[in-house]
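This is what each chain is made of:
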Amino acid sequence: MDGTVEIRVNGSWERVVAGCTVAAALLNLGHMVLRRSVQGEGRSALCGMGVCFECRVRIDGVPGRRACMEPVREGMDVVAGD
Ligand code: FES
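All values reported here derive from a predicted model rather than from experimental measurement. (Residues numbered from 1 in each chain as written. Predicted model: local features only at pLDDT ≥ 70, side-chain atom pairs only at ≥ 80, totals over all residues. Heavy atoms only, no water.)

Asker: Can you walk me through the pairing of strand β1 (residues 4-9) in this structure?
Answerer: Looking down a regular strand, the side chains alternate between one sheet face and the other. Relative to strand β2 (residues 12-17), β1 is paired through six bridges, and the arrangement is antiparallel. Paired with T4 across the two strands is V17, which belongs to β2. The turn linking β1 back onto β2 is made up of two residues, and N10 within it adopts a positive phi angle of 50 degrees. Note: β1 against strand β7 (residues 77-79), two bridges, orientation parallel. Looking across to β7, one finds that R8 is bridged to D77. (Pairing = 2+ DSSP bridges. Helix = DSSP H or I, 4+ residues; strand = E, 2+ residues; numbered from the N terminus.)

In structure tokens form, the structure reads like this:
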């Protein structure tokens, strides 16, 4: 183990820091837009502690998961910005 795990983000495999949240991993990779509002505006993590729901992404096919509350796992499939 080198302290990283590999996750798939919007179809691309990325190596990220093990133990961090999905939100931290995505922001560190430069994915600033985690979801879209009904009007199509880009939204991103705001509170970082599970309250605002602005960080919702699709994880392993399940929509609406709060990225700030989910630790990364090897092989996780994340879709952000949809
Ligand atoms: S950033 Fe607020 S719930 Fe995730």
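Asker: Which parts of the structure should I look at to understand the environment of R58?
Answerer: Assignment of secondary structure puts R58 in strand β5 (residues 56-59). Residue R58 is classed as partly exposed on the basis of its relative accessible area of 30%. In sequence terms R58 and V33 are 25 residues apart; their C-alpha atoms lie 13 Å from each other. Residues within four places of R58 in sequence aside, it is in contact with P63, D77, V78, V79 and D82. (Buried < 20%, exposed > 50% of the residue type's maximum accessible area, 1.4 Å probe, protein only. Contact = heavy atoms within 4.5 Å.)

Asker: What exactly am I supposed to notice about the sheet that holds β7 here?
Answerer: Consider a sheet: its strands pair through backbone hydrogen bonds, and that pairing is either parallel or antiparallel. Judged by pairing direction, the sheet is mixed, and its five strands sit side by side in the order β2-β1-β7-β5-β6 without closing on themselves. Strand pairing shows two members of the sheet lacking a second neighbour, β2 and β6 (62-66), which therefore form its edges. Going from strand to strand, the sheet's axes swing by 40 degrees on average, the running direction of each strand aside. Bridge analysis of β5 against β7 gives two bridges, and the strand direction is antiparallel. From the neighbouring strand, R58 faces β7, where its bridge partner is V79. (Axes fitted to C-alpha atoms, helices over the stretch in contact; angles between N-to-C directions.)

Asker: Honestly, the environment of M76 in this entry has me stumped. Any pointers?
Answerer: Residue placement: M76 occurs in the loop between β6 and β7. You can call M76 buried: its relative accessible area is 1%.

Asker: I would appreciate a short explanation of the nonpolar core in the present structure.
Answerer: Here is a general trend for soluble globular proteins: nonpolar side chains tend to be buried in one another's company. Core analysis: the largest hydrophobic core is formed by 19 residues, its most contacted members being I7, V22, L26, V57, A67, V72 and V78. Listed by contribution, the elements that provide at least two residues to this core are β1, α1 (22-28) and β5. With near-sequence residues (within four places) excluded, V72 lies in contact with V5, I7, V16, V17, A18, G19, C20, T21, V22 and A25. (Core = buried A, V, L, I, M, F, W, Y, C linked by side-chain atoms within 4.5 Å.)

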